[in-house]
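# Residue-level structure breakdown
Below are the chains, spelled out letter by letter.
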Amino acid sequence: AAAVPSLLTVVPDMDGDALSDVVTFAQGTDSCLVEARRGIDGVPLWQVTLPTPIHPSVNGCIKLVPRVTATGRGGVFVDIRKAYVAISETGAVSYVLAGNSDDPQGWPARVLLDAIPGPATDVVYRAPTQAGKVVLTVFDGATGLPRNATVVDAHGVSGLAGEVDISPAGDLDSDGLEDFIVHRTATSTTDTFAAYAGVSANRLWAFTITRTTSLLGAGRATMLGDVTGDGVADFSYSPEARRQFELRSGATGALVWSRGAGSTYPFAVGDINSDGVDDLVLADRHPTPLSVVGVDGPTGAVIYATALTPGGVGPRFSLVGDVDADGVGDLHLDTKGTDDFISGATGAVLRSGSKRVPVFGSLDGSGDDLISSEWVAGITTVRGHDGATDAILWERALSTNVSPMNAARLDGDAAPEVITSVFDQAPFNVLRGSDGAVLWTLS
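Rules and cut-offs
- Residues numbered from 1 in each chain as written.
- Predicted model: local features only at pLDDT ≥ 70, side-chain atom pairs only at ≥ 80, totals over all residues.
- Heavy atoms only, no water.
- Helix = DSSP H or I, 4+ residues; strand = E, 2+ residues; numbered from the N terminus.
- Buried < 20%, exposed > 50% of the residue type's maximum accessible area, 1.4 Å probe, protein only.
- Contact = heavy atoms within 4.5 Å.
- Areas by Shrake-Rupley, 256 points an atom, 1.4 Å probe, with all protein chains shown as cover.
- Core = buried A, V, L, I, M, F, W, Y, C linked by side-chain atoms within 4.5 Å.
- Phe/Tyr/Trp six-rings, centres within 6.5 Å; stacked < 30°, edge-to-face > 60°.
- Salt bridge = Lys/Arg side-chain N within 4 Å of Asp/Glu carboxyl O.
- Pairing = 2+ DSSP bridges.
- Axes fitted to C-alpha atoms, helices over the stretch in contact; angles between N-to-C directions.
- Polar contact = N/O pair within 3.5 Å; in protein donor to acceptor, adjacent residues only side chain to side chain.
- pLDDT = per-residue confidence, 0-100.

## Description of the overall build of the chain
Helix and strand counts for the chain come out as zero helices and 36 strands. In the chain, which comprises 443 residues, the proportion classed as buried is 51%. Across the chain, every contact between residues at least 6 apart in sequence was considered, and the portion connecting residues at least 24 apart equals 38%. When the accessible surface of the chain is summed, it comes to about 17900 Å², and 53% of that surface belongs to carbon and sulfur atoms.

In structure tokens:
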């Protein structure tokens, strides 16, 4: 049987028409066919076949990652587990970053950032060395050559000790280039965080926290934008590690403020109290009742607190964009029984209803909108909904059991296109965001 195109991925403009394009891969027995197409009409641009030797856990391509090339055009990294293949806007293989078969986690971590002057997307690569240490190397995205490296001690004593996570962090040292934060589970009870300059790999700051549990590490840094007003993005980490939410300064690593119990997770929603500095919504997932708390970014002072009593179980919060068009991001609460949409500005429940998928853009020119799909008698109906009212803006019937996969601007207007798939595989349908018309299909 012919290989099925998978993981349609939107990348920056490759062909010079100022519109985003798309890339897919199709996995064969011993090779992976990577194909690029114009985003607006699906016309093929190029294809390249990569050999993919069998690995004990994964055979072949596992992920496509958008990149910007040295010319400023779009390209793609193809992750084939043991290597990272950089492909240019023309389909040429620019370079290959080889993996390390000794990596205890199976393959090196790759994190993208803009650390080196020039338009190309750069790469921080994690690979193990002997004696329990990890080397973090920054590779120039234009050439694939290493520019700098730093060694992190990954020794640990038990449990999760030895884990190393990397988070792109924006410009922490005000040099105009992106930096990164490294988290290490140092021992069964401690975690360390350290920031490194992307262009030099010099350490900017570091601190250690003591966990209240040996079971749950602090995890990678969660970047929250500039919520302290100093022009540098700030961050947090898993609240489970210390049974409270802690906001840390991206500029210094210092603790800014802390609040709440161990299940309090942050969402960056914008400026709630109109003081010119972004604020946070803290969502408590586990207590009864659930709650959302709007807090002032610089101080942690409570702006509002709202108790929630949804139906269903297993609460999960997520951002859905600004669905009520008030300038502040809103939240979605999924409890496997009801779906509640919550105002980020006030904490009020805007409405409850059926499952919706955010498109993080406007289909009708006002506020961020939502998508739904319904499969009945072999036909899937995809609908665009007004984010504020849930009114149906358009609907499109498709003859396969597909679901909305993602949304991206492909045809040049303001409305994001809706891409459907069957479990991330073809057939892919690209629906025009403004009216749901089928722009093109890939089977």
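## Some words on the nonpolar core
Counting 18 residues, the largest nonpolar core has Val23, Val34, Trp46, Leu50, Val76, Val78 and Ile87 as its most contacted members. When residues no more than four places from it in sequence are discounted, the contact partners of Val78 are Val34, Leu50, Cys61, Lys63, Leu64, Ala83, Tyr84, Val85 and Ile87.

## Section: the packing of aromatic side chains
The full count for this structure, using the stated rule, is 11 aromatic pairs. The interplanar angle of 20° and the centroid separation of 5.4 Å between the aromatic rings of Phe193 and Phe207 together place this pair among those described as stacked. Separated by 14 residues along the polypeptide, Phe193 in strand S15 (residues 190-196) and Phe207 in strand S16 (residues 203-210) bring together distant segments of the chain. Classification of Phe193 as buried rests on a relative accessible area of 1%. Taking the relative accessible area as the measure of exposure, Phe207 reaches 12% and is therefore buried. Summarising the aromatic geometry, the rings of Phe245 and Trp257 are spaced 5.4 Å apart at their centres and angled 55° between planes, so their arrangement reads as tilted. Of this pair, Phe245 sits in strand S19 (residues 245-248) while Trp257 is found in strand S20 (residues 255-259), placing the two residues 12 residues apart along the sequence. Look at Phe245 and you get buried, because its relative accessible area is 0%.

## Observations concerning the pattern of salt bridges
In this structure the tally under the stated criterion is 13 salt bridges. Between Arg38 and Asp15 there is a salt bridge whose closest N-O contact spans 3.7 Å. Here the residue Arg38 occupies a position in strand S3 (residues 31-38), and Asp15 occupies one in the loop between strand S1 (6-11) and strand S2 (21-27), the gap between them amounting to 23 residues. Judged by its relative accessible area of 25%, Arg38 is partly exposed. Residues Asp191 and Arg211 are paired through a salt bridge, measuring 2.4 Å at the closest nitrogen-oxygen approach. Taken together, the residues Asp191 in strand S15 and Arg211 in the loop between S16 and strand S17 (222-225) connect sequence positions 20 residues apart.

## Section: unusual backbone geometry
Note the cis peptide between Ala426 and Pro427, where omega equals 10°. Looking at where Pro427 falls in the secondary structure, it is placed in strand S35 (residues 425-431). Its identity is not glycine, yet Leu7 carries a phi of approximately 50°, on the positive side. Examined against the element boundaries, Leu7 turns out to sit in strand S1. Even without being glycine, Phe423 reaches a positive phi, approximately 50°.

## Considerations on the sheet that holds strand S5 (residues 63-68)
What the four strands build is an open sheet, ordered S5-S6-S7-S8; its pairing is antiparallel. Each end of this open sheet is capped by a strand with a single partner; those strands are S5 and strand S8 (93-98). Direction aside, the axes of adjacent strands within the sheet are offset by 20° on average. In this sheet, S8 lies alongside strand S7 (residues 83-87) in antiparallel orientation, the contact comprising five bridges.

## Description of the side chain of Ser6
In this fold, Ser6 is placed in strand S1. Taking relative accessible area as the criterion, Ser6 reaches 9% and is therefore assigned buried. A polar atom in the side chain of Ser6 sits 3.2 Å from the backbone oxygen of Val4. Setting aside anything within four residues of it in sequence, one finds Ser6 in contact with Thr24, Phe25, Asp424, Gln425 and Phe428.

## Structural notes on the confidence of the model for the chain
Residues at a pLDDT of 70 or more form 87% of the chain, whose mean pLDDT is 86. Model confidence for the chain, summarised as mean pLDDT per element, is weakest for strand S33 (residues 403-408) at 78 and strongest for strand S18 (residues 234-236) at 97. Note on residues 155-161: pLDDT is under 50 here. Beyond four places in sequence and across chains, it has 19 contacts.

## Concerning the sheet that holds strand S29 (residues 357-358)
Spatial strand order, S29-S30-S31-S32: four strands in an open sheet with antiparallel pairing. Two strands bound the open sheet, and with one partner strand each, they are S29 and strand S32 (392-398). Sheet topology note: the strand S31 (residues 379-385)/S32 ladder contains six bridges and is antiparallel. Considered in S32, the bridge of Thr380 is made with Leu398.

## Looking at the environment of Thr121
Among the secondary structure elements, Thr121 is positioned in the loop between strand S9 (110-113) and strand S10 (122-128). Since its relative accessible area comes to 13%, Thr121 is described here as buried. Note: C-alpha distance between Thr121 and Ala70 (51 residues apart in sequence) is 8.2 Å. The contacts of Thr121, once residues within four sequence positions are left out, are Arg67, Val68, Phe77, Leu112, Leu113 and Gly141. Only 2.8 Å separates the side chain of Thr121 from the backbone nitrogen of Val68, close enough to count as a polar contact.

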